[in-house]
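# Architecture at a glance
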Amino acid sequence: IMMMFSVSDILGLNPFMRKVLANAAGAACGMAKIDDEKVAASNKPLIGMSNLGVLTKGAEFAVEYLESKGYEVIMFHAVGAGGRAMEQMMREGLITGVFDYAMGEISDELHHALRAGGPERLTVAGKLGLPQVLVPGGSEHIGLFLSEENVLPEKYKNHMNTFHSPIIAAPRLNPDELVEVAKEIGKRLQFTKGDAVFMLPLRGTSRYGVEGGPLRNPESDKTYYAAIKANLPKTIEVVEKDLGPEDPEFVKECCDRLIGLIEAKKKK
């Protein structure tokens, strides 16, 4: 799929418009001639991984580590469209296992915010029985698109907050709101009957929430994690680590556990 800017309105042909349309036709023909099977050919298992900017260092480590173990990784920016695309590729049978590292799409869905992932987010891997490792990365805050630069809506002025950019705010959800997120995560994961591990980084859920981060709140994290554990189905193993979400040791264990689930599934 490619979009081309027509520059002028399409109200009849003219020398310039004929050139634009010819370029579009040439691009389509060129793409049609590519041998997709040769370009995409690989014998390596493909892992789908979600990520957010507040987790990128950990994501980079995960890609490098998983590739060293013989896997390929396709990364999805978990801002709504990313999560949907990842789950569509699961349905199409392209993804072998899932490292769901970022769950901000669930928080934003509940609060009608920027990264809302839709009603099926977190349900597809479980329905398909795909091995998955899950982390509530970036779900302690939401993404708000601002109508006025650096000005928070009145509703969130009593929340801890930071700004991702002048027009994107990231208020931290309060403990009661995080409990609702935990309940929603648990509800969506009811379709997961096994082959899943939920990893909890006890030192925070994103770069914003770790020591020194603008949204650091350990007591709120404890409330959130307790609610997650209380609402997850018993078929999902929970592992707590006294680490941050981007710490290499934490990410490595996530990857090792996913590899273990994938290898165990092969033997069944």
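See above for the structure.
The structure reproduced in this document is the subject of the present report. (Residues numbered from 1 in each chain as written. Predicted model: local features only at pLDDT ≥ 70, side-chain atom pairs only at ≥ 80, totals over all residues. Heavy atoms only, no water.)

So, about the environment of Tyr156. With respect to the element layout, Tyr156 can be found in the loop between strand E5 (144-145) and strand E6 (161-165). For Tyr156, a relative accessible area of 4% translates into the label buried. Taking the C-alpha atoms as reference points, Tyr156 and Ala169, separated by 13 residues in sequence, lie 9.8 Å from one another. With residues up to four places along the chain from it excluded, the contact list for Tyr156 reads His111, Ile142, Leu144 and Pro171. (Helix = DSSP H or I, 4+ residues; strand = E, 2+ residues; numbered from the N terminus. Buried < 20%, exposed > 50% of the residue type's maximum accessible area, 1.4 Å probe, protein only. Contact = heavy atoms within 4.5 Å.)

By volume, the largest pocket is sized at about 190 Å³. Together, 15 residues line the largest pocket, and Leu52, Val79, Arg115, His164 and Ile168 are the ones closest to its centre. Top contributing element to the lining of the largest pocket by residue count: strand E7 (residues 168-171), with 3 residues. Of the residues in the lining of the largest pocket, the class split is 9 nonpolar, 5 polar and 1 charged. (1 Å grid on protein atoms, 1.4 Å probe; cavity = no way out; pocket = protein on both sides within 12 Å on 5 of 7 lines; lining within 4 Å. Points joined across faces, edges and corners; volume = space filled by probe spheres on them. Nonpolar A, V, L, I, M, F, W, Y, C, P; charged D, E, K, R; others polar.)

Attention shifts here to the packing of helix H7 (residues 175-188) against helix H8 (residues 218-231). Closest axis-to-axis distance for the H7/H8 pair is 8 Å, and the angle between their directions is 25 degrees. Judged on the interaxial angle alone, H8 and H7 are roughly parallel. Every pair of crossing elements has a handedness; the one defined by H7 and H8 is right-handed. Contacts from Pro175, Leu178, Val179, Val181, Ala182, Lys183, Ile185 and Gly186 of H7 reach H8 at Ser220, Thr223, Tyr224, Ala227, Ile228 and Asn231. Tallied by class, residues from the contact of H7 with H8 come to 9 nonpolar, 4 polar and 1 charged. (Axes fitted to C-alpha atoms, helices over the stretch in contact; angles between N-to-C directions. Parallel < 35°, antiparallel > 145°, perpendicular 65-115°, else oblique. Left-handed = near helix turned anticlockwise from the far one by under 90°.)

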